[in-house]
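A structural walkthrough
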Amino acid sequence: MSAARRESDVQRAIRGMFADAGVRGWLHVAELHRPEARVTVDPDEPVPVGSVYKVPLMAAFCRLADAGALDPRQPVTLGPDERMPGVTGISILRDPVTVSLRDLVVLMMSVSDNTSADAVLRHVGPAAVEELCEDLGLPDTHILGGAATTFERMVAETGAESLSAAMERLADNDTTVPAVVYNPLSKASSTPSDMARLLRAIWTDGAASAESCAFMRRTMGQQAWSHRLASGFPYDDVTVSGKTGTFGTMRHEAGVVELPDGGVYTAVVFTQAARADNKLPRADAVIGTAARAAVEELRGNEGT
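So, here is what we can say about the structure in this document.

Rules and cut-offs
Residues numbered from 1 in each chain as written. Predicted model: local features only at pLDDT ≥ 70, side-chain atom pairs only at ≥ 80, totals over all residues. Heavy atoms only, no water. Pairing = 2+ DSSP bridges. Helix = DSSP H or I, 4+ residues; strand = E, 2+ residues; numbered from the N terminus. Axes fitted to C-alpha atoms, helices over the stretch in contact; angles between N-to-C directions. Contact = heavy atoms within 4.5 Å. Core = buried A, V, L, I, M, F, W, Y, C linked by side-chain atoms within 4.5 Å. Buried < 20%, exposed > 50% of the residue type's maximum accessible area, 1.4 Å probe, protein only.

Details of the sheet that holds strand S7 (residues 239-247)
Read across the open sheet, the five strands follow the order S2-S1-S9-S8-S7; overall the sheet is antiparallel. This sheet does not close on itself; its edge strands, each paired only once, are strand S2 (38-41) and S7. Averaged over neighbouring strand pairs, the angle between their axes works out to 10° when direction is ignored. By the bridge criterion, four bridges tie strand S1 (residues 23-31) to S2 in an arrangement that is antiparallel. Within S2, the position partnered with His28 by the bridge is Thr40. Set on the sheet, helix H10 (residues 281-300) makes contact with S1, S2, strand S8 (250-258) and strand S9 (264-273); between it and S1 the angle comes to about 35°.

This is the structure:
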C-alpha cells in the first residue's frame, strides 16, 4: 500500500472521528523537523480561532522585547474597570492588580486570561502582530483587535443588547445564529497550516531570539488545560504544550507533542460543534484523539 493511500486512510478515519463527536474538524499534524511528513484535514481554511490568537501575540511581544522596543518587566496596573469578560485570571478579580508585562503573557497563555491578553495587545499593538505573521509566512492569520474586537462584533452580529446576551444566543440550540458570527474576516482568525508554521518557528528558535523562544515553549508548557490535545497523550513521559481557543461552537488547540523517544510533532486541531452546548466533552476529547491518530500514522510511516 502506498504512503499516499495510507494518508488517505487516516484522513478518512479522522473525519469519521470528527463526525462521531458531532463536529466539523480541521487538522494539521506534522513532524517538527520534517514538516513535509504531515497528516492534514482541510488545513488551509481560515476559521475564527478564539484565544489561539494569543500565540502570535506572545511571539510579537517577544520580538519587541528582543529589539528593546518594550521592557518585559514593565509593571502594568489594571483596575476593575479594565477587566475583560472571562472566567480565569485577572478577569475574575475585583481589585486593582499590578503585574509585569511578561507575567501578563504567562497569564494569558497558562490560564487564557482575557484581561491580561488585552493589556498585552495594547502594549504590543496589532500592527506588530501583523508584521510578525507576514515575516513568518502566515498569510491567513489576522488577530484584528483580539478578544475585544471579537466580543464587540459578536454583539453587533447577533443583534444582542449586551455581550452576555450575545453569548446566551450562541449557546442556545433553539436559536439560529447569523452566519456572519463565524465569518473569519471579522474577527481573530487563522488556519491549521499557519499555526503549525508558527509553532515550528517557536520550537526551532525561528520566531524570536533563542532565549525568547525558550520562554514561549516554557510558557505553553504551563497551560492549565488538559481536556483537549493532552487528553490524547495521557502519559507522564509525554510532554504536551499548547494553547486552547474557544468561540461559540468552536473548540480548538494548537500545540506541540514531545514523545519520550525524541519524536516531536506540531499538532493543530480546530473544530466546530453541531450543537451549541457549553459542555460537550466528546467535542473537546476528539481534538486529542484525532491528533494522536495523526501522530501514530506519522510514526508508522517513519523511514518510508
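A short note on the nonpolar core
In terms of nonpolar packing, the biggest core is built from 70 residues, with Leu104, Val124 and Met216 touching the most fellow members. If we ignore the near neighbours within four places in the chain, the residues touching Met216 are Met58, Ala59, Cys62, Ile202, Ala207 and Ala208. Ranked by size, the runner-up nonpolar core spans 29 residues in total, among them Val29, Val41, Leu229 and Ala273.

Side note on unusual backbone geometry
One non-glycine residue, Ser112, lies in positive phi territory at about 55°. Phi at Leu144 takes a positive value of approximately 50°, unusual for a residue other than glycine. For Leu144, the position within the fold is in the loop between helix H5 (126-135) and helix H6 (146-158).

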